[in-house]
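A look at the structure
Next come the chains, spelled out residue by residue.
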Amino acid sequence: MQQLSVKHLLGIKDLTAEDIHLIFETADNFKQVINRPIKKVPSLRDITIANVFFENSTRTRLSFELAEKRLSADVINFSSSSSSVKKGETLLDTVNNILAMKVDMIVMRHSSVGSPHFLAKHVKCKIVNAGDGTHEHPTQALLDAFSIREKLGDVAGKKVCIFGDILHSRVALSNIFALQKLGAQVMVCGPKTLLPTYIQELGVKIELNLRKALEWCDVANVLRIQLERQTIKYFPSLREYSLYYGINKTLLDSLKKEIVIMHPGPINRGVEITSDVADSKHSIILNQVENGVAIRMAVLYLLAGASNN
Amino acid sequence: MNILIKSAEIIDPNSDFHKKTKNILIENGVIKKISDSNHKADRTIEGKNLKASPGWFDMRVSIKDPGSEHKEDINTVAQAAAAGGVTEIACLPNTKPVIQSKDVISYIKSKAQSTTLNIYPIAAVTLEAKGEELTEMIDLHHAGAIAFSDGSKPIWHSDILLKALQYIQMFDGLIIDRPEERQLSNFGQMNEGKMSTLLGLKGIPKLAEELIIERDLKILEYTGGRIHFSLISSPGSLDLIREAKKKGLNVTCDIAAHHLCLDDSLLENFDTNYKVNPPLRSKEDINQFWKALADNTIDVIVSDHNPQDEESKNLEFDLADFGILGLQTLFPVINTYNKKIKLEKIIEKLTVTPREILNIPIPKIEEGAKANITIFDPETEWVFSEKDIKSKSKNSPFIGKKLKGTVVAVFNNNQHFIH
């Protein structure tokens, strides 16, 4: 069996292009599996996976849980809306308690940047990062790139623009890494207050004008405007944001070409994207969700099979 | 008891023996004889490449005592200082309680007696170092406060800074500010740059430091008085200070040893032993810092010794406290990463300039003087390990690193420490 170059999936940053292609090929197979009448395979039988979520999540946690169950793993879930430190227990203690119950893999979401990396240094089991603060969300980036590949045949050479709150988005950062590794050109578009000051150093293009960005790209990946992750006000109002950065059908129809619309969800309908765009034939938003399960199955399967050395 | 230091090159520009290699006899804490002859002594210190300089002075130390004695106390800070060749320190007021009353000053001073370390407390400018109401600075000065600062916090309130600079002119006092515009650095975890973008961590822009320096210098120009900027971490700040010095303003500044050698790329693995404030900057910035040392824009090198226990450091990156140990590795770190600065200049910034700024007598290596001396060897290489650490806390980024330069002995207060 081919193997990944990493023991954990902490971020796209650590992966090679070969790793990503291997994940895609594995996901192709699993996508067939989950579209069969019998959707389950025995690949991870006797493997126990804990989904440890220190931040609210519905779709990512469901997607992971489904992927794990389709692979016949035993699954336990731990959710806590706040960091456990506030309850007087450290992250390390919480996770060690779970591991003491003989768990093989941890899928973790946490609001602190680098927390899965911290964990990987201190515990023995395999770790999948399901989102660490404003850093990375590797499985989202993988499913996004996989969905582009599915829709357009290849990622290499395509022009992808990420719209919205780039500053606070782990999806944006992981997407930039993944798309660049696969040979796509990447642009970011949003109000300047939502773009990191040094984003250009990552080799991405910057565009402040929505229309110009749409004219440039083949794929528009529209991020959720996350007011909850903002401790400081970065723009005056959602009203103004949607007026100048919301993507609507009139705007799309006025372009001379068709572009693919993506969104990692959950959508704020009428804010960053209107309903007629989200539900249009240009949109592959629900394909992303379906592909998410196949991608997560591939990641878990490949990591479980990887040697511990 | 007498101790003979054999063939040590004396580095002390104020001494007649400057740059001469001599035997130094110390008897009952006093320099008895400096000569070429071999005296009989109870103990002899000898070795290759020995140098003797006035005892080193570290202008910025968090002693954590009183208040956080589980991280460090005055005893362990004295041991760490001795092992690092430091005989005198100025300590920050951010203790619990804050250094804003005479009793805390006398507690600190008395507790350090009978060690090789003299501690000069820096008192708070404002009550609880909150930046709102002035402390009784005249009274604190007479009780032994060596300077005034809100320590790890900037003096954020412009009018408070203005009043403080005016108020302490009656005793030629010194304000030490740690320049940081907190509205710009709020929630920041590391240097703002490519690395912070790659890591998704909120950056602390250099602008946050430069803005406050620009403001402070304007106020200083208006009020007169003296200000010292602590922990410079931006070449832009140095340009401002360079200009201000040319203009004749009474301004000085220091830099931490770790800012002279560590850069923000080291944060890649989220090691909280690289989490300091101000944050580690870029490699290019480091080159500028060395230039500013050479042209004396930077007057002093400090350790910014800040002990943090495992419970404050072995955490998710954003939850971990800022700060690293520094007293014990102060000289070896500077010496190891030295970018072509003469040894004498480094020693000057550890001995003469901090004492000049704080108006403290500069120890002299001459016969009849009280021995306040550091004996060191700038050539020997060694690996710093966790078991070498004298502090209660172990938060050093230099564990396991090969360092060049060792401290051989220190003498002060009729006490000595020999490695």
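Residues numbered from 1 in each chain as written. Chains lettered and ligands numbered in written order. Predicted model: local features only at pLDDT ≥ 70, side-chain atom pairs only at ≥ 80, totals over all residues. Heavy atoms only, no water.

On to the overall build of chain A. Check the secondary structure of chain A and you find 11 helices and 9 strands. Relative to the 2.2 N^0.38 estimate, which gives 19 Å for 309 residues, the radius of gyration of chain A is 19 Å and therefore close to what a compact globule would have. Principal-axis analysis of the C-alpha atoms places the extent of chain A at approximately 55 × 45 × 35 Å. Classification of the 309 residues of chain A by burial places 58% in the buried group. Long-range contacts, defined as pairs at least 24 residues apart, comprise 74% of the intrachain contacts of chain A with a sequence gap of at least 6. Of the roughly 13000 Å² of accessible surface on chain A, 50% is carried by carbon and sulfur atoms. Both charge centroids of chain A, one from 38 positive and one from 31 negative side chains, sit 2 Å from each other. (Helix = DSSP H or I, 4+ residues; strand = E, 2+ residues; numbered from the N terminus. Rg over C-alpha atoms; globule rule 2.2 N^0.38 Å. Buried < 20%, exposed > 50% of the residue type's maximum accessible area, 1.4 Å probe, protein only. Contact = heavy atoms within 4.5 Å. Areas by Shrake-Rupley, 256 points an atom, 1.4 Å probe, with all protein chains shown as cover. Lys, Arg positive; Asp, Glu negative; His and termini not counted. Charge placed at Lys NZ, Arg CZ, Asp CG, Glu CD.)

On to the interface of chain A and chain B, then. Contact with chain A, which involves 29 residues of that partner, is made by 19 residues of chain B. Summed over the three residues of chain A that lose the most area to chain B, namely Val113(A), Phe118(A) and Tyr198(A), the buried surface amounts to 26% of that side. In this structure, the connection of chain A to chain B is made through 0 salt bridges. At the level of elements, helix 3 (91–99), helix 4 (115–122) and helix 6 (170–181) of chain A are the ones that each hand at least two residues to the side of chain A that touches chain B. The biggest single contributor to the side of chain A that touches chain B is helix 4 of chain A, with 5 residues. (Buried area = accessible area lost by both parts, 1.4 Å probe. Salt bridge = Lys/Arg side-chain N within 4 Å of Asp/Glu carboxyl O.)

A separate point is the domain arrangement of chain A. Residues and elements named next belong to chain A. Taken domain by domain, chain A comprises domain 1 (12–136 + 289–307) and domain 2 (138–286). Using C-alpha coordinates to define each centre, domain 1 is positioned 25 Å away from domain 2. Tallying the contact residues gives 31 residues for domain 1 and 27 residues for domain 2. Three residues stand out in domain 1 for area buried against domain 2, namely Ile12, Phe24 and Thr134, and they jointly supply 25% of the buried area on that side. (Domains from an automatic or database assignment.)

All names here are of chain B. What the 8 strands build is an open sheet, ordered 6-7-8-9-10-13-14-15; its pairing is parallel. Either end of the sheet is taken by a strand with one partner, and the two such strands are strand 6 (56–61) and strand 15 (300–302). Shown here is a sheet whose adjacent strand axes are inclined to one another by a mean of 30 degrees, direction ignored. Both strand 7 (residues 86–91) and strand 8 (residues 118–123) contribute to a ladder of 4 bridges, which runs parallel. When the sheet's bridge partners are listed, Cys91 is paired in strand 8 with Pro121. Relative to the sheet, helix 1 (residues 74–83) contacts strand 6, strand 7 and strand 8, its axis offset from that of strand 7 by approximately 130 degrees. (Pairing = 2+ DSSP bridges. Axes fitted to C-alpha atoms, helices over the stretch in contact; angles between N-to-C directions.)

Once that is clear, we can look at the environment of Asp264(B). Residues and elements named next belong to chain B. Mapped onto the fold, Asp264 is located in the loop between strand 14 (251–256) and helix 9 (283–294). Residue classification places Asp264 among the buried residues on the basis of a relative accessible area of 9%. Along the backbone, Asp264 and Ser196 are 68 residues apart, and their C-alpha atoms lie at a distance of 8.3 Å. Residues in contact with Asp264, not counting those within four places in the same chain, are Met190, Asn191, Met195, Leu280, Arg281 and Ser282.

Moving on to the packing of aromatic side chains. All names here are of chain B. Under the criterion given, the structure shown has 12 aromatic pairs over all chains. Note on Phe270 and Phe317: the rings are 6.3 Å apart at their centroids and 70 degrees apart in plane angle, and the pair reads as edge-to-face. Here Phe317 lies in the loop between helix 10 (310–313) and helix 11 (330–336) and Phe270 lies in the loop between strand 14 and helix 9, a separation of 47 residues in the sequence. Phe317 carries the same exposure label as Phe270, and that label is buried. Lys275 extends its terminal NZ or CZ atom over the ring of Phe317, reaching a point 5.2 Å from the ring centre. (Phe/Tyr/Trp six-rings, centres within 6.5 Å; stacked < 30°, edge-to-face > 60°. Lys NZ or Arg CZ within 6 Å of the ring centre and 35° of its normal.)

With that settled, consider the pattern of salt bridges. Across all of its chains, the model carries 37 salt bridges over all chains by this definition. Glu88(B) is paired through a salt bridge with Arg355(B); the nearest N and O atoms lie 2.7 Å apart. Note that Glu88(B) is positioned in strand 7 and Arg355(B) in helix 12 (residues 343–358), a separation of 267 residues in sequence. For Arg215(B), the salt bridge goes to Asp177(B), with nearest N and O atoms at 4.0 Å. Separated by 38 residues along the polypeptide, Arg215(B) in helix 7 (residues 207–223) and Asp177(B) in strand 10 (residues 174–177) bring together distant segments of the chain. Given a relative accessible area of 0%, Asp177(B) falls into the buried group. A network of salt bridges, in which partner residues are shared, links Lys31(A), Glu150(A) and Glu290(A).

Right, let's talk about the side chain of Glu136(A) for a bit. All names here are of chain A. In this structure, Glu136 sits in the loop between strand 4 (126–132) and helix 5 (138–152). Of the buried charged residues, Glu136 lacks a salt bridge, with Lys13 as the closest side chain of opposite charge at 4.5 Å. From its side chain, Glu136 meets the backbone nitrogen of Lys13 in a polar contact 3.1 Å long. There is a polar contact of 2.5 Å between the side chain of Glu136 and the side chain of Ser174. If we skip the residues at most four places from it in the chain, Glu136 touches Leu10, Gly11, Ile12, Lys13, Asn129, Gly131, Arg170, Ser174 and Phe177. (Polar contact = N/O pair within 3.5 Å; in protein donor to acceptor, adjacent residues only side chain to side chain.)

Turning to the environment of Arg109(A), a few remarks are in order. All names here are of chain A. Looking at where Arg109 falls in the secondary structure, it is placed in strand 3 (residues 105–110). Residue classification places Arg109 among the buried residues on the basis of a relative accessible area of 7%. Spatially, the C-alpha atom of Arg109 lies 8.9 Å from that of Arg61, the residues being 48 residues apart in sequence. Setting aside residues no more than four positions away along its own chain, Arg109 makes contact with Val52, Phe53, Phe54, Glu55, Asn56, Ser57, Thr60, Ala130, Gly131, His137 and Arg170. Here Thr60 takes part through its side chain, which lies 3.3 Å from a polar atom of the side chain of Arg109.

We now examine the nonpolar core. The nonpolar side chains of soluble globular proteins are, as a tendency, buried together. Residues and elements named next belong to chain B. Counting 91 residues, the largest nonpolar core has Ile89, Ile119, Phe148, Ile175, Phe229, Val251 and Ile301 as the members making the most contacts within it. With 6 residues, the single largest contributor to this core is helix 1. Inspection of this core shows a minimum of three residues originating in each of domain 1 (2–50 + 368–378 + 402–418) and domain 2 (55–358). Aside from chain neighbours lying at most four places away, what touches Ile301 is Ile255, Ala257, Leu260, Leu293, Leu330, Ile334, Lys349 and Leu350. (Core = buried A, V, L, I, M, F, W, Y, C linked by side-chain atoms within 4.5 Å.)

Now for helix 5 of chain A. Residue and element names in this part refer to chain A. For helix 5, spanning 15 residues, the distance from its first C-alpha to its last is 21 Å, which sits close to the expected 21 Å at 1.5 Å a residue. Among the 15 residues of helix 5, 11 are classified as buried, and the element is accordingly described as predominantly covered. Gly153 sits one or two residues past helix 5 and shows a positive phi near 90 degrees. (Expected span 1.5 Å × (residues − 1).)

This part covers the pairing of strand 4 of chain A. The two faces of a sheet get side chains in turn, since along a regular strand they alternate between them. Residues and elements named next belong to chain A. The element strand 4 is extensively covered by neighbouring structure, given that 7 of its 7 residues are classed as buried. With 5 bridges joining them, strand 3 and strand 4 adopt parallel strand pairing. Counterpart to Met108 in the pairing with strand 4 is Asn129. Remark: the strand 3/helix 4/strand 4 crossover connection has right-handed handedness. (Right-handed = clockwise from strand over helix to strand, strands pointing away.)

Attention now goes to the domain arrangement of chain B. Residues and elements named next belong to chain B. Domain parsing of chain B yields domain 1 (2–50 + 368–378 + 402–418) and domain 2 (55–358). In this structure, domain 1 and domain 2 have C-alpha centres spaced 30 Å apart. Of the residues lining the interface, 20 residues belong to domain 1; the matching set on domain 2 comes to 24 residues. Taken together, the connections running from domain 1 to domain 2 amount to 1 salt bridge. Glu344 serves as the salt-bridge partner of Lys19, at 2.8 Å between the closest nitrogen and oxygen. Of the residues that constitute the side of domain 1 that touches domain 2, the class distribution is 9 nonpolar, 8 polar and 3 charged. (Nonpolar A, V, L, I, M, F, W, Y, C, P; charged D, E, K, R; others polar.)

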